[in-house]
Structures are given as C-alpha cells and as structure tokens.
Amino acid sequence: MAAFTIAAGTGNWFSALALGVTLLKCLLIPTYHSTDFEVHRNWLAITHSLPISQWYYEATSEWTLDYPPFFAWFEYILSHVAKYFDQEMLNVRNLNYSSSRTLLFQRFSVIFMDVLFVYAVHECCKCIDGKKVGKELTEKPKFILSVLLLWNFGLLIVDHIHFQYNGFLFGLMLLSIARLFQKRHMEGAFLFAVLLHFKHIYLYVAPAYGVYLLRSYCFTANKPDGSIRWNSFSFVRVISLGLVVFLVSALSLGPFLALNQLPQVFSRLFPFKRGLCHAYWAPNFWALYNALDKVLSVIGLKLKFLDPNNIPKASMTSGLVQQFQHTVLPSVTPLATLICTLIAILPSIFCLWFKPQGPRGFLRCLTLCALSSFMFGWHVHEKAILLAILPMSLLSVQKAGDASIFLILTTTGHYSLFPLLFTAPELPIKILLMLLFTIYSISSLKTLFRKEKPLFNWMETFYLLGLGPLEVCCEFVFPFTSWKVKYPFLPLLLTSVYCAVGITYAWFKLYVSVLIDPPVGKTKKQ
Amino acid sequence: MEKWYLMTIVVLIGLTVRWTVSLNSYSGAGKPPMFGDYEAQRHWQEITFNLPVKQWYFNSSDNNLQYWGLDYPPLTAYHSLLCAYVAKFINPDWIALHTSRGYESQAHKLFMRTTVLIADLLIYIPAVVLYCCCLKDISTKKKIANALCILLYPGLILIDYGHFQYNSVSLGFALWGVLGVSCDWDLLGSLAFCLAINYKQMELYHSLPFFCFLLGKCFKKGLKGKGFVLLVKLACTVVASFVLCWLPFFTEREQTLQVLRRLFPVDRGLFEDKVANIWCSFNVFLKIRDILPRHIQLIMSFCFTFLSLLPACIKLILQPSSKGFKFTLVSCALSFFLFSFQVHEKSILLVSLPVCLVLSEIPFMSTWFLLVSTFSLLPLLLKDELLMPSVVTTMAFFIACVTSFSIFEKTSEEELQLKSFSISVRKYLPCFTFLSRMIQYLFLISVITMVLLTLMTVTLDPPQKLPDLFSVLVCFVSCLNFLFFLVYFNIIIMWDSKSGRNQKKIS
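Chain B appears in an unreviewed UniProt entry as Alpha-1,3-glucosyltransferase from Theropithecus gelada. In its Pathway (unreviewed entry) section, the UniProt record describing chain B reads: "Protein modification; protein glycosylation."

Going by the annotation in an unreviewed UniProt entry, the name recorded for chain A is Alpha-1,3-glucosyltransferase, with Theropithecus gelada given as the source organism. We quote the UniProt Sequence similarities (unreviewed entry) comment for chain A here in full: "Belongs to the ALG6/ALG8 glucosyltransferase family."

Here's what the structure looks like:
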C-alpha cells in the first residue's frame, strides 16, 4: 500500500495538475480539427515515403512541408510509429485521409509530446523565487504558475482541438529559459538553437537570446554601476556558443546544403507571397490600420471625397481576400513591416544591453520581442500571440505590475483565438475553457498581490468586461440578424479590432514599464 | 465564502468534462429499428407534443407502447413536452408525429445534449455546490475539493452525457430533498423529494430513509405536540405535490391505473440484461427465473429487500440524525439495487448519489465504491462505444479523490468509522486487529480485478459458447463488491450511536 501511495503521488499537486490536464486533452480527442490535421498527416506521408531530397519539393498536396528540417525529422520518426496504427495515412496521395486510427494516433502524438512541456514547466517552477505569501498551497506562486502554463487556454485549443504541435516546442523554449535562469547558458543556447530548427517562428525572439547571451554570458563582469566592463569579454565563451549554434545548424541544414537545395528550403520556410494579414486579421497594429482604412473609406464615400468606382469591391465585405487592398491609406509592403518590426524591437534590445537585469530582464525583453513582432509582422497568425503569453506567465507571478499587463494580454489574446473554433459543438468548450482560465488567472493573481494596489484601473476593467457582450453579439445575436448575409465577416472584424486595442495597450504598457524600470544596481541601493 | 472563485473553477471543470463527454456517441446511435435511450427521449417529446395528455400512456395507433412507450412518471412527460416546444421552434422535423422516428443528425444531437446540460446546470449542480457549502466541520478547501469529486463522478456523467438520460434531474431533486431535510427545512425537502419521485419512480429506493428520518423527527418532537403538527404538515405537502403532478391523470380511474401499470411493469421479470445484483449473479448457478413462478419471485425479492433494509430503517426512526440519514440512504438504496424486482444497471446511480454525500466522511470507502459502481456499468458503456471517455473520466475522478482527500492515508479503523465495531468484536475475539489491513488488501484485490477484467473485455474475444462471459463476470465481481459494501454500511449504521454515546460519556 505504501508503494501505491507513492506511485499515486499523494499530495503531489504538480503531478495531479499535469495528469488532470492530460486527461482533459484525451477528452478533447473527438472534437473538431482544422486543416492543420491534414497538413501534419501529409508531412508524415512525405517524410515516410519519400527520400530526403524530395521533402521540400513534393507538392501533391497543397500543404507542402514548410517547417525547418528538424520538424521534418520529427515527423519521420513519428511516421515509424504511425505505421503500426494505420499504413494508409502514410500514403502521399491519400489526401484528406482521416480514419479513426489516424485520428487517435495524431491526437495521442500531440498529447504524448506534451510530456516535454510538462517537464519544462516543472523546471520553470523551480526558478521562481516568489514571495512567501500565505501557507496555503493554492496561493503559492509556483502553484499558480504551473496552472497558468499547464492549463493554458490557448495551448489547449490550438494544440488539442485545432491541432498543432506547439506544446513540445514551447516546452523546448521554456526549458531553455529555465536553463538560462539556472545559469546553464550553454544548454539554454543549445536548446534554443534546436528549437529554431524545429519551427522558425521562434526567430522573432532570437534577438533577445543573442543579446542576452552576449551581454550576460560572454561578458563575465560588470562595473559597479551596472554598465559593461569591456575587458571582461571571454573569447572561449563566444566561440563555444558559436560552435553550438553552428553544429546544430549544420546538423539540420547540412544535408540540404549537400544536396544544393538550400534556396528551395528557404523559399518554403519564408513565403512572402502571402498577404499582409491572414484571412482572419490577427489582432495587431495592422488590424487597426486596416480598420482605420475601412472607416476612412466609408466616410470618404459618404462625404463624396472618394469615387465609388475606384474602390476595389472585395475590400468592403470580405476578409478572405489574401491581398488586402487599402483604399485611403498607403498599402503596406513586406519591407515596411520588417522595418517597423525592427524599430519596435530595438528599444527593448537596447534596454537588455544597457540595463541588464539578469534573467528577468531577459524574459521581459523576450516577451517584448515576441509581442513587437506580433504587432508589426507580415502575415502574422493569431496563434503567434502564445509566443508572448507563455513566457509572460513566468513574469506575472513575480510582480504586480507585470501581472496586470499579463492579464490584459492573456485575456484579449486568448479571446482573439475564438474564431479558430467556429463549429457549434466546440462553442461551449471554448467558452467554458476560456472562463476557466480567465477566472482562475485573474482571481489567483489578485489573491497573490492582494496587498498591493489593485491590478486593474476602471478603464481596463471596463475593457475586459466588454469581451463578454462582444462574444454574445458576435456568436449569439449576430447569426440571427439580417446582417449575417450582408456582412458575414463583421464579427471577425469586430473581434480582431477589439482585441487589437487590448494587445496594443498591453504592448505599450509593458514597453513603458521596461523602459522606465531602474537598472538592478540602483534598485538594490534603494 | 472567500474562496468563491475556486468553487466557480470547480463547477466550470465539471461542466467542461460533461460537455466533452457529450461529444461522444450515444446509446443506439445509427442502430435501427429500436435505437436506444436517446431515441426514447426524443420519441417522448414527439408523443407528448402531438398527442393529448389522455393518450400519453395508452396504446393507440399513434402511440405504439412497444416502441419506447412512456414509462416514467408525469414530471418526465412534462419535461419532454417542454423540450418539445423548444425543438418545435428550432426544427419541427425533430418531433413530427410518426415521420420523425429514428431521427438523427448532428444538430439534433447538439440540441439533445444541450437540454441535458441545462437541466443539470439548473438542478443538480447547484444542489451539489450548496450541499458542499453547507457541510460542517471541514475547511473551505476541503469543501471545494469535495464538490470537485462529486461533480467528477464518472457514472452519472457517462450515463447522462454519453448513454443519454436525464438522471441529473431526479438525482438533483433528491439531493435538494436531502439538503432541505438535513437543514431542517422539512417541508421544502419533502417537496423536492416528491418531485424527484414524480420524475423517476426509481427514486422510491430513497423513499424509506426519507420517511423514517422525518417520522423519527416527529417522534423526537413528541407526537402529541409539535411533532404531530409537523407530521400533518408533511403529509399535506406530500399529498399536495403528488396531486399537482398527477392532476391530468386523476380525472379518470382508468388513467391513473394505466400510468401506474406503465410505471411498475411487474411482468417484465426479475431482472433484465446484465445487472450487478444478487438475482443476476445467482442466475449463473441456478436459473431462478425459469424455476420459480413469477409471483413467488416477486414475493421472494420483496422479502429479501425488506429484511435487508429493516434494521437500518428502524435505527433511523429511533435515532434520527442527519449523518445516520445519509448512511441509511446508502444502505437502503443498495438493498433495493441488490435484491429488488426489475432492477436496471443504471439504478446503481441511485446508490452512488448518497455515497457521494458521505465522500468527506469516509473518503477511502466512498471512492472505492464509486469506482466499483462505474465499473459495473462497463458492459453498457462498451455497447455505446464510450470506452475512451469512461477510462479517462474514471482516472480523473480517481486522481481528484486521491489528491483532495489523500485517501490512502485514511485507512485506519477510526477513519473507516469501524472503531466501535472492532472494539466490540475484540471483546469476543481479542485477535481481531487486522481489519484495517484486510480492507486495504481487499481494495487492492478489487482494483486489480477491475482493471484486469476491463482489459480482458476490451482486448479478448469471448469464447463462442459463452458470448456474454465478460459482461457476466463484470456483473458478478461488482455484485460481490456491492455485497461487501452493504455489510460495511450496515455495520457503520448499527455501531454508529454506540460510539456517539461513548464519546458523550467521555466528555
């Protein structure tokens, strides 16, 4: 019996939380899955049945392989398990194949890979020094953090309903962050390099990694006032870092370099042919920009400043057109977005360089990088908001100011994921899970920081409460009105603009708090 | 309550699990000509909506009682009628007379599942939350943990949201009844319980403890004074609520009799399908159904039931206490399940509900019982293709119980409430010290058997001569477990006040 007690982990809240969410994921197996399911099935088939030389050329399905080589290898390994479930799913020509065994295999592969995520969360919880408030378990920062990460709404619906493999990728990222917190820099750098070759979207946060490692690892000492001591530069560390990154990249891209396919690989990885915004506008700066354009064009038409014949028809109602035509404001080119992104990232990088605040400063810079690229990037997906939300969770349990920004960011960011699930049976699930996560995160962080000033001012409270009526209007009232036929994309537009306001606000607030935060040296003196 | 948000979280988790389970298949999905309970419920909507009240329970050309005829009391019929009005508003095809038979579509499934969720949300879940808030002598955190475990009980979720029934309505009313009666709102409590009986006649399993508890209360207050007044008030409440529910059927004698005949189908035999009760298990050795005539079977099952629940009920009349009431609910319902006539496998939920109520008092035994009760539903759940949700929810429930009550540390005689029993046994058998360890081993054996049997049922094909081998085994094993629990709960009830008296003496 004693052995059984230990095995069942009596009183071990972490394993209970992890097991609980795993079981919930299993319950989500029969839910709706998006075309990403077919995307990954196709990649399984490609990597299984074709030689490496054709991986990045194969184009039978429209869902071509557009992730870096490590992910392809990952699919290759998975496919060798998949063949015991159902051979048919490994056939490249078997488009849209989804037998029940295929479904089970794919769903379980995501759930299984999340083990890495759970481990990473476990490691992250160790790095939280958290204030010692309250003896109760549910009020400990570690407990709150592990719920915020393990039960993250976005990750649950994107991975386990919509279908993607973000869990273990974020696991890698969190693990590398945890290693940096633990001063195991080489490991952290290695993990991040590997991660980059799994999914290149993490390039967004690469500047934070690069500058942090250079500043805090390669320079071994600071002057007393916190500024850089140039003569403490360690060549050994730089070279070893470079070597790690180089070796990982060589392992990943080497074979394709040998096959002389590198340009083809890169053309698959960075498709600039897509539009500025995704079909559903991710709630970023460009959503506001587009909305402003529409408002201006409508006003222009009303006041007869614009000629109706010169306006592209599609732009008025549809969101599905990939190439969005601006009518009043200048159109945006990929280069412009790139420049905007760089400009948005730069101040945070400067901050990281000139006011190093240890791993916490790095984490804030990383969040800012993710958020800035989300704000200004080209063809950003709404799912990319997770890249900011998950690292920000680590910050939220340590400081009240960060907690309030985190809550605004998460709540709006998560709400903006709602259009991903548009089928009726999933409607209750997304609302219930969203309520679950939002109520928990707000209440628990409020309890954690109850001695400090309130987390929200009246404006923020009002904004967040507004999400409720917005949801009611978009999904319960709108379908029964006559506008459904006339303006089918109005709910998406409203959601996107409303969330864009919140995310822009959170981004701005975080930026301000990072910029005016005094460097470590000074805070210690105070 | 300062931890209101945790309670909200618990309710939301319960709702999420319920809805995710409801995405799975239901009983009789795509299986003409009879389909299953899902079609039964839809058919009742069709009947109640299209036919006048007088024809609901009668066989006619429009109402073939052989095809899922209405056999639940009037409240169920009214509920169906209410749902039918909503259905009519959304899509009249769903309840069209005759033509809608066997209607199945994604939208309709969604509608039916939503009606269950709404009923649950209105009746059962508030009752559970309120019950846990009213628990005495435990911390807020424990109350919330208790609510989580009760809301995650897999048996009810799987039957209501998987198989498809509205048990949460009748069980919810019964729970409101328990709540009212134990908080001394006797009239409201008895009203709620009358509603429960009028929703599902199986709630009669709980009626004796209610009756005895209230009668005991009256006796306690003195039959010549306040007690008599209370008794009259209670009688009036019960009669009035019954009359209200049955009003349309009291107009003619034949109406009332026909409804009663539909509710208690004596000619359907001692048991149906595979049930984990005594008769079905005994059937393995001796075919009672074929040997004894029908009326002897009826008398025999009545005697057994009556004898097995008598001691607990007498005890409750003599010493009415809300703790004793809950335990008597368990033992009475269990007696009915094990011995009475025409029992369904789903009736185990009627035992599980009161067991959920004593979860915080005897966490180890309750968890064990609730696991066995879910396991006893296995053949039914497999038929409905609900293996995956069953396994997952059972594990979730088990983990919830283990973490919130740390059940494995609560196996001492004291915590099993067997202290006074073992003391009195030790007077005659001084070496009787192994009780606690014995129960631990029994638990291990029971769990291992259940896991192995589940694995065997899922993976192996039964031998051709015995196609029902595994389901009979499941019933047999569960029945053994239930017998053990019947003995255990009766021991607790009978030895309860002795410890109470001892404690009083000590203090």
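There's plenty left to go through after this.
Enquirer: Please provide a residue-by-residue account of the overall build of chain A, values included.
Expert: Helices and strands together make up the secondary structure of chain A, namely 24 helices and zero strands. On C-alpha atoms alone, chain A measures out to a radius of gyration of 24 Å, which is about the 24 Å that the 2.2 N^0.38 rule sets for 526 residues. Expressed along its principal axes, the backbone C-alpha trace of chain A runs to roughly 65 × 55 × 55 Å. Counting every position in chain A, which comprises 526 residues, the buried fraction comes to 56%. Long-range contacts, defined as pairs at least 24 residues apart, comprise 77% of the intrachain contacts of chain A with a sequence gap of at least 6. Charge separation in chain A, taken as the distance between the mean sites of 43 positive and 26 negative side-chain charges, equals 9 Å.

Enquirer: I'd like a description of the environment of G358 of chain A, backed by residues and values.
Expert: With respect to the helices and strands, the residue G358 of chain A is situated in helix α17 (residues 358–376). Along the primary structure G358 of chain A and R215 of chain A are separated by 143 residues, whereas in three dimensions their C-alpha atoms are 10.0 Å apart.

Enquirer: I'd like a rundown of empty space enclosed by the protein, residues and numbers included.
Expert: Residues and elements named next belong to chain A. One pass over the full model with this rule turns up seven cavities of 30 Å³ or more. The space that makes up the largest cavity amounts to roughly 100 Å³. Surrounding the largest cavity, S348, C351, L352, K355, Q357, G361, R364, C365, V514 and D517 form its lining. Counting residues per element, the ones that place at least two in the lining of the largest cavity are α16 (334–354) and α17. Residues belonging to the lining of the largest cavity are distributed by class as follows: four nonpolar, three polar and three charged.

Enquirer: So what's going on with the confidence of the model for chain A? Residues and values would help.
Expert: Residue and element names in this part refer to chain A. Here chain A shows a mean pLDDT of 87. Residues at 70 or above account for 90%. Considering only residues more than four positions removed or in separate chains, one finds that residues 1–11, a stretch of pLDDT under 50, has 15 contacts. Within the model, the stretch residues 521–526 combines pLDDT values under 50 with one contact to residues more than four positions away or in other chains.

Enquirer: Explain the packing of aromatic side chains residue by residue, including any values.
Expert: Centre distance and the angle of the planes are the two values used to describe a pair of aromatic rings. Under the definition given, this model contains 81 aromatic pairs over all chains. On the basis of an interplanar angle of 90° and a centroid distance of 5.0 Å, the ring pair of F233 of chain A and F235 of chain A is categorised as edge-to-face. The partly exposed category is assigned to F233 of chain A, whose relative accessible area is 28%. Taking relative accessible area as the criterion, F235 of chain A reaches 59% and is therefore assigned exposed. On the basis of an interplanar angle of 45° and a centroid distance of 5.5 Å, the ring pair of F369 of chain B and F482 of chain B is categorised as tilted. Linking F369 of chain B in helix α17 (residues 363–376) with F482 of chain B in helix α22 (residues 469–506), this pair joins segments that are 113 residues apart in sequence. What makes F369 of chain B buried here is its relative accessible area of 0%.

Enquirer: Could you give an account of the interface of chain B and chain A, naming the residues involved and the relevant values?
Expert: The partner chain A presents 34 residues to the 33 residues of chain B that form the contact. Across the chain B to chain A interface the summed buried area is about 3100 Å²; carbon plus sulfur atoms make up 83%. Three residues stand out in chain B for area buried against chain A, namely Y5, L23 and F408 of chain B, and they jointly supply 19% of the buried area on that side. One can count zero salt bridges joining chain B with chain A. Remark: the boundary between chain B and chain A carries one residue pair in polar contact (both at pLDDT 80 or more). Only α1 (4–22), α19 (387–405) and α21 (435–459) of chain B provide two or more residues apiece to the side of chain B that touches chain A.

Enquirer: Mind laying out the side chain of S109 of chain A, listing which residues take part and the relevant values?
Expert: Mapping S109 of chain A onto the fold places it in helix α6 (residues 100–127). At 2.7 Å, the side chain of S109 of chain A and the side chain of Y165 of chain A are in polar contact.

Enquirer: I'd love a proper account of the side chain of S443 of chain A, names of residues and values included.
Expert: Note that S443 of chain A resides in helix α20 (residues 426–448). A distance of 2.6 Å separates a polar side-chain atom of S443 of chain A from the backbone oxygen of I439 of chain A. Apart from the residues lying within four places of it in its own chain, the contact partners of S443 of chain A are W4 and Y5 of chain B.

Quick notes on the rules
Residues numbered from 1 in each chain as written. Chains lettered and ligands numbered in written order. Predicted model: local features only at pLDDT ≥ 70, side-chain atom pairs only at ≥ 80, totals over all residues. Heavy atoms only, no water. UniProt positions renumbered as here; feature names shortened; annotations may be inferred. Helix = DSSP H or I, 4+ residues; strand = E, 2+ residues; numbered from the N terminus. Rg over C-alpha atoms; globule rule 2.2 N^0.38 Å. Buried < 20%, exposed > 50% of the residue type's maximum accessible area, 1.4 Å probe, protein only. Contact = heavy atoms within 4.5 Å. Lys, Arg positive; Asp, Glu negative; His and termini not counted. Charge placed at Lys NZ, Arg CZ, Asp CG, Glu CD. 1 Å grid on protein atoms, 1.4 Å probe; cavity = no way out; pocket = protein on both sides within 12 Å on 5 of 7 lines; lining within 4 Å. Points joined across faces, edges and corners; volume = space filled by probe spheres on them. Nonpolar A, V, L, I, M, F, W, Y, C, P; charged D, E, K, R; others polar. pLDDT = per-residue confidence, 0-100. Phe/Tyr/Trp six-rings, centres within 6.5 Å; stacked < 30°, edge-to-face > 60°. Buried area = accessible area lost by both parts, 1.4 Å probe. Salt bridge = Lys/Arg side-chain N within 4 Å of Asp/Glu carboxyl O. Polar contact = N/O pair within 3.5 Å; in protein donor to acceptor, adjacent residues only side chain to side chain.

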